Amino acid sequence: MSTPRPVRGARHDVTDRPCIVIWESTRACPLACRHCRAAAVPDRDPRELGTDAAKELLDQVAAFGRPAPLFVITGGDPFLRPDLLELIAYGTLSGLRVAVAPSGTPTLTPGNLRALHDAGAVGLSLSLDGSTESLHDSFRGVPGVYRWTLDAWDTARRLGLKVQINTTVTRHNLLDLPNLVALVREHGATVWSAFFLVPTGRGRLLDRLTPGEAEDVLNFVHDVGAAVPAKAAEAHHFRRVALQRVVLAARNEDHVAALGLGPLYERLRERAAELGLDVAARRTRRPPLDIDAGRGFAFVSHTGSVHPSGFLPLAAGNVRARALTEIYRTSALFTGLRDPDRLGGRCGRCEFRTVCGGSRSRAYSATGDPYAQEPWCGYRPGSFPHQREVAQLLLAAR
């Protein structure tokens, strides 16, 4: 079977160095987002890494070697740190690619965005959780966020910054997702990321998707990958979906029937068609990258504690006491999460576990066990009918 590669592997050994390091530079933020994992507060924490400690962190990231991980400065609102530009410039001179994930606040001025660009930032990550002002601002808890975000998006693009648009998928915006994709197509972005809520922080209060709804959304994200570059975050079973869809397309089988997709998928697909998002073969789909919490990914908190993910509150050490390189490569938590044989429940029995593994953050949030099965995945191991083709693709993905 000759097919395009549906899943991308990292270009280097992810047991040796991550692809992405995210640093929570501060938890201070003026917004009151309904899903915030950090339950952000207005004022900065005196325990934050100071400028010198932050530069030491950048040195530790550079010490992983080449290719260096992408270093993302997030928050809270990174603009509330007066040393933000100094740190971007320092990281850039150290050989890192530095991106910034700011909050949608009045700090997103053209002057501030130009300063990010001039300091050496390569990209900007912005959140958009509704295609209208009312949907987005109600989710973010402050009026005006929608307009600030769209203006910053357009300004960043004009400056030549790469822009990633993140959408937190919750019940409030399920039927709005096609409209959001249309906005991404209109304004342009390097990638649209559908982030599946992890019930932590304020997000514990939000309604959760059923496994069937999650499956419908993941297949919709796969579909619109023909219209915009699309990926899913904290939804690692998107890689399973990508493999299944490649097999079914090669066999010319109806994926709706074969995968048992539901009414939500049909409604999303109908709206996408109305918006002209279903035109076949307009662009090559972006294969999902095979990385996971602790496996190609590391998160450093505002106080320096190191986590496999910002949504997995288990710490493996602190960069003030132990180098990030050592924590990532040798800590029991990180090495354990890189072992698919440690997975429990359906995840441990699943034939897709080596390229999926499920959200360890969501598993921990639901059960207190980071190795438990993914609660938003309803796939029954071995139930996909074309196991020989799957085995070939899994072998090629290694």
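Since the structure is predicted, the reported quantities are computational estimates derived from the model, not experimental observations.

About the cut-offs
Residues numbered from 1 in each chain as written. Predicted model: local features only at pLDDT ≥ 70, side-chain atom pairs only at ≥ 80, totals over all residues. Heavy atoms only, no water. Helix = DSSP H or I, 4+ residues; strand = E, 2+ residues; numbered from the N terminus. Rg over C-alpha atoms; globule rule 2.2 N^0.38 Å. Buried < 20%, exposed > 50% of the residue type's maximum accessible area, 1.4 Å probe, protein only. Contact = heavy atoms within 4.5 Å. Areas by Shrake-Rupley, 256 points an atom, 1.4 Å probe, with all protein chains shown as cover. Lys, Arg positive; Asp, Glu negative; His and termini not counted. Charge placed at Lys NZ, Arg CZ, Asp CG, Glu CD. Polar contact = N/O pair within 3.5 Å; in protein donor to acceptor, adjacent residues only side chain to side chain. Phe/Tyr/Trp six-rings, centres within 6.5 Å; stacked < 30°, edge-to-face > 60°. Lys NZ or Arg CZ within 6 Å of the ring centre and 35° of its normal. Salt bridge = Lys/Arg side-chain N within 4 Å of Asp/Glu carboxyl O. Core = buried A, V, L, I, M, F, W, Y, C linked by side-chain atoms within 4.5 Å. Expected span 1.5 Å × (residues − 1). Pairing = 2+ DSSP bridges. Axes fitted to C-alpha atoms, helices over the stretch in contact; angles between N-to-C directions. Parallel < 35°, antiparallel > 145°, perpendicular 65-115°, else oblique. Left-handed = near helix turned anticlockwise from the far one by under 90°. Nonpolar A, V, L, I, M, F, W, Y, C, P; charged D, E, K, R; others polar.

Notes on the overall build of the protein
Each helix and strand in the protein was counted, giving 15 helices and 11 strands. For the protein, whose C-alpha radius of gyration is 20 Å, the value lies close to the compact-globule estimate of 21 Å for 398 residues. With the C-alpha coordinates of the protein rotated into their principal frame, the extents come out at 55 × 45 × 40 Å. For the protein, the residues scored as buried account for 58% of the 398 residues in total. Looking at the protein alone, contacts between residues at least 24 apart form 74% of all its contacts between residues at least 6 apart. With the model as given, the accessible surface of the protein reaches about 15900 Å², and the carbon-plus-sulfur share is 51%. In the protein, which carries 50 positive and 41 negative side-chain charges, the distance between the mean positions of the two groups comes to 4 Å.

Observations concerning the side chain of His 12
Here His 12 lies in the segment before β1 (20-24). In terms of polar contacts, His 12 uses its side chain to reach the backbone carbonyl oxygen of Arg 17, at 3.1 Å. In contact with His 12, not counting residues within four places along its chain, are Arg 17, Pro 18, Cys 19 and Pro 67.

Digging into the packing of aromatic side chains
The full count for this structure, using the stated rule, is six aromatic pairs. Here the guanidinium or amino end of Arg 338 rests over the ring plane of Tyr 328, the centre of that ring lying 4.7 Å away.

Side note on the pattern of salt bridges
Summed over the entire model, instances satisfying the criterion amount to 21 salt bridges. The salt bridge partner of Glu 253 is Arg 251, with a shortest N-O separation of 3.0 Å. Residue Arg 251 is classed as partly exposed on the basis of its relative accessible area, which comes to 39%.

What to know about the nonpolar core
Core analysis: the largest hydrophobic core is formed by 110 residues, its most contacted members being Phe 71, Trp 192 and Phe 220. The contact partners of Phe 71, leaving out residues within four places of it in the chain, are Val 21, Trp 23, Leu 57, Leu 58, Val 61, Leu 96, Arg 97, Val 98 and Ala 99.

Some points on helix α1 (residues 51-62)
Across its 12 residues, α1 extends 17 Å between first and last C-alpha, which sits within 8% of the 16 Å expected from 1.5 Å per residue. All of the buried residues along α1 are Ala 54, Lys 55, Leu 57, Leu 58, Gln 60 and Val 61. Elements in contact with the buried residues of α1: β1, β2 (70-74), α2 (84-93), β9 (296-300) and α11 (324-330).

Concerning the pairing of β1
Burial within β1 is extensive, with five of its five residues counted as buried. The alternating pattern of β1 places Ile 20, Ile 22 and Glu 24 and Val 21 and Trp 23 on opposite faces, both of which are buried. Examined bridge by bridge, β1 and β2 share five bridges and lie parallel to one another. Counted as the bridge partner of Glu 24 is Thr 74 from β2. Of the strand pairs in this sheet, β1 and β9 are connected by four bridges, and their pairing is parallel. Along β9, the bridge assignment pairs Trp 23 with Val 300.

So, the environment of Ser 305
For Ser 305, the location among the structural elements is in strand β10 (residues 305-307). Ser 305 sits in the buried class, given a relative accessible area of 14%. Along the sequence, Ser 305 and Trp 23 sit 282 residues apart, while their C-alpha atoms lie 10.0 Å from each other. In this structure Ser 305 touches Phe 299, Val 300, Ala 315, Gly 317 and Asn 318, once residues within four positions along its chain are discounted. Side chain to side chain, Ser 305 and Ser 301 meet in a polar contact 2.7 Å long. Within polar-contact distance, the side chain of Ser 305 engages the side chain of His 307 at 2.8 Å.

Focus: unusual backbone geometry
Arg 66 connects to Pro 67 through a cis peptide bond whose omega is -5 degrees. Summarising the element assignment, Pro 67 is placed in the loop between α1 and β2. Cis geometry marks the peptide bond from Gly 75 to Gly 76; its omega dihedral reads 15 degrees. Along the chain, the position of Gly 76 falls in the loop between β2 and α2. Positive phi, normally seen in glycine, also occurs at Glu 234, with a value near 50 degrees. Structurally, Glu 234 can be placed in the loop between β7 (230-233) and α8 (238-250). A relative accessible area of 10% means that Glu 234 is categorised as buried.

Side note on the packing of α8 against helix α15 (residues 387-397)
Between α8 and α15, the shortest axis-to-axis distance is 10 Å and the interhelical angle comes to 125 degrees. In terms of their interaxial angle, α8 and α15 are classed as oblique. Pair α8 / α15 crosses with right-handed handedness. Listed contacts from α15 to Leu 243, Val 246 and Val 247 of α8 are Glu 389, Val 390, Leu 393 and Leu 394. When the residues that make up the contact of α8 with α15 are grouped by side-chain class, the tally is six nonpolar, no polar and one charged.

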